[in-house]
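# Structure assessment
Listed below are the residues making up each chain.
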Amino acid sequence: MHRIAPPPAPDGRGVKRDLVVCGLGPAGRALAHRAAVHGLTVTVVDPAPERRWTATYAAWADELPDWLPPEVVAATVPRPMAWGTRAHRVDRPYVVLDNARLQSVLRFPDAQVVPDRAVDISPERVRLASGATITGGRVVDARGLTRAPARAEQTAYGVIVDASRCAGLDPLFMDWRSDNGAPSGAPPSFLYAVPLDDERMLLEETCLAGRPALAGAQLRTRLRYRLRARGIELTGAEPVEHVRFPVQGGRPGPHRFGAAGGFLHPATGYSVGAALASADAVAAGQDVWPAGARVVHHLRSAGLRALLALPPEDIPLFFDTFFTLSPAAQRAYLSGRADLGGTIAAMRSLFEALPGRLRRRVAAATLGIPVRSRGRWGSAMMGL
């Protein structure tokens, strides 16, 4: 438990802390924890500071910082499987995090905890829903991203099942095969299947991103159809996980962190690994957005335009091509937030390996040239 502070004075009087963190998701909590470890005085603001995380968080093992103890990892997949139209082994360990242990590790016992909602944030001041204000040497927005019609979202519907019911099912980073009952030309979705621990697996039908994204009811129907085709019948009593969050809208800068600060990768929707890896530097006030990192951010946005131009039936082939790249190239694109050279090399290799018709579409879309699609793709994919 953390010490809950009395409401701050409406005019902002009181002790000025070194750092004020708004939002206590994984990014905000990691930042507050690392700032406290390094001796900074910290105030955290969140309307429900003791809430438990219910989403499943995962990362590539090599993304996790050295200061994070191994017990926060609930399960490890040494070489996860990916499917486009054929199988690929991803030669990179993948981990699922234990939320309770992660929250316990990311503690900040001496922080001032303000159970309120931040409504207006500036570099050194935050105004709260209660009308009070808090000042600090730095204020960082880690509240995540708000939904908006113009922002593409990731959606998913998942069930948690006993691992014994999934015998023979390899852990899947993504599986784009068409056995989910979706009609030809419909917005695509993939199966994500990972162990949560030694006894449970999460099976999730995922719309990588869409504007609008596929609804949970559509994904539930597809998941049940797909699992039945693979010999896994659901009873209806399984715990359910719902996913819906924006995958665009983050803005790099010194006063935003996590998804709000551009750390979310549009190709996967992941941001936790990148935030954990950068928490020390942000706590120390270092510039984590040098010119190269900002260019990578823009290149990933160009990747969005590229995938938006592809008809749904070409998406599995696109991912077939991506997962034939070298492990180094895959890692550079998926995790090289500041690796400009590696990102450019990976994108060049992917482009050169694509079939000619896909290259033309990708090139035109990346340059912002309108391309007529062969079909309406309501669930717009975010891209590699």
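Residues numbered from 1 in each chain as written. Predicted model: local features only at pLDDT ≥ 70, side-chain atom pairs only at ≥ 80, totals over all residues. Heavy atoms only, no water.

## A few points about the packing of aromatic side chains
Scanning the entire structure with this criterion turns up 16 aromatic pairs. Relative to Y57, the ring of W53 lies with its centre 5.9 Å away and its plane at 85°, an arrangement referred to as edge-to-face. By relative accessible area, Y57 is classed as buried at 18%. Taking 5.2 Å as the distance between ring centres and 20° as the angle between the ring planes, the aromatic pair formed by W176 and F319 counts as stacked. Here F319 lies in helix α6 (residues 315-322) and W176 lies in the loop between β13 (172-175) and β14 (190-195), a separation of 143 residues in the sequence. Accessibility classification places W176 together with F319 in one group, the buried group. When the ring centre of Y157 is taken as origin, the NZ or CZ atom of R220, which lies over that ring, is 5.9 Å away. In this arrangement the basic side chain of R337 is found over the ring face of W289, its NZ or CZ atom lying 4.6 Å from the centre. (Phe/Tyr/Trp six-rings, centres within 6.5 Å; stacked < 30°, edge-to-face > 60°. Buried < 20%, exposed > 50% of the residue type's maximum accessible area, 1.4 Å probe, protein only. Helix = DSSP H or I, 4+ residues; strand = E, 2+ residues; numbered from the N terminus. Lys NZ or Arg CZ within 6 Å of the ring centre and 35° of its normal.)

## Here's the deal with the confidence of the model for the chain
Averaged over all residues, the pLDDT of the chain equals 90, while 92% of them reach at least 70. This stretch, residues 371-384, has a pLDDT under 50; its non-local contacts, to residues over four places away or in other chains, come to 64 contacts. (pLDDT = per-residue confidence, 0-100. Contact = heavy atoms within 4.5 Å.)

## Structural notes on the sheet that holds β14
Note on sheets: strands pair through backbone hydrogen bonds, and any given pair is parallel or antiparallel. Within the open sheet, the seven strands sit side by side as β6-β5-β13-β14-β15-β12-β16. Their pairing is mixed. The strands lining the two open edges of the sheet, one partner per strand, are β6 (87-89) and β16 (240-246). In this sheet, neighbouring strand axes are inclined to one another by 20° on average, regardless of whether the strands run parallel or antiparallel. Two strands pair when backbone bridges link them, and β13 and β14 are joined in this way by two bridges, in the antiparallel orientation. Across the sheet, residue D175 finds its bridge partner in β14, namely L191. (Pairing = 2+ DSSP bridges. Axes fitted to C-alpha atoms, helices over the stretch in contact; angles between N-to-C directions.)

## Some points on the sheet that holds strand β9 (residues 118-122)
Read from one edge to the other, the open sheet built from six strands follows the order β8-β2-β1-β11-β10-β9, with strand pairing classed as mixed. Across the chains shown, the open sheet's two edge strands, defined by having one partner strand only, are β8 (112-114) and β9. For this sheet, the mean angle separating the axes of adjacent strands, direction not counted, is 35°. Across three bridges, strand β10 (residues 125-128) lies against strand β11 (residues 133-141) in antiparallel orientation. In the strand pairing of β11, R125 is matched with T135. Helix α1 (residues 26-37) rests against β1 (17-22), β2 (42-45) and β11 of the sheet, and its axis sits at about 165° to β1.

## Structural notes on the environment of G250
Assignment of secondary structure puts G250 in the loop between β16 and α4 (272-283). Its relative accessible area of 18% is what places G250 among the buried residues. C-alpha of G250 to C-alpha of L264: the two residues are 14 residues apart in sequence and 7.4 Å apart in space. Look past the residues within four positions of G250 in its chain and what remains in contact with it is L145, A259, A260, G262 and H297.

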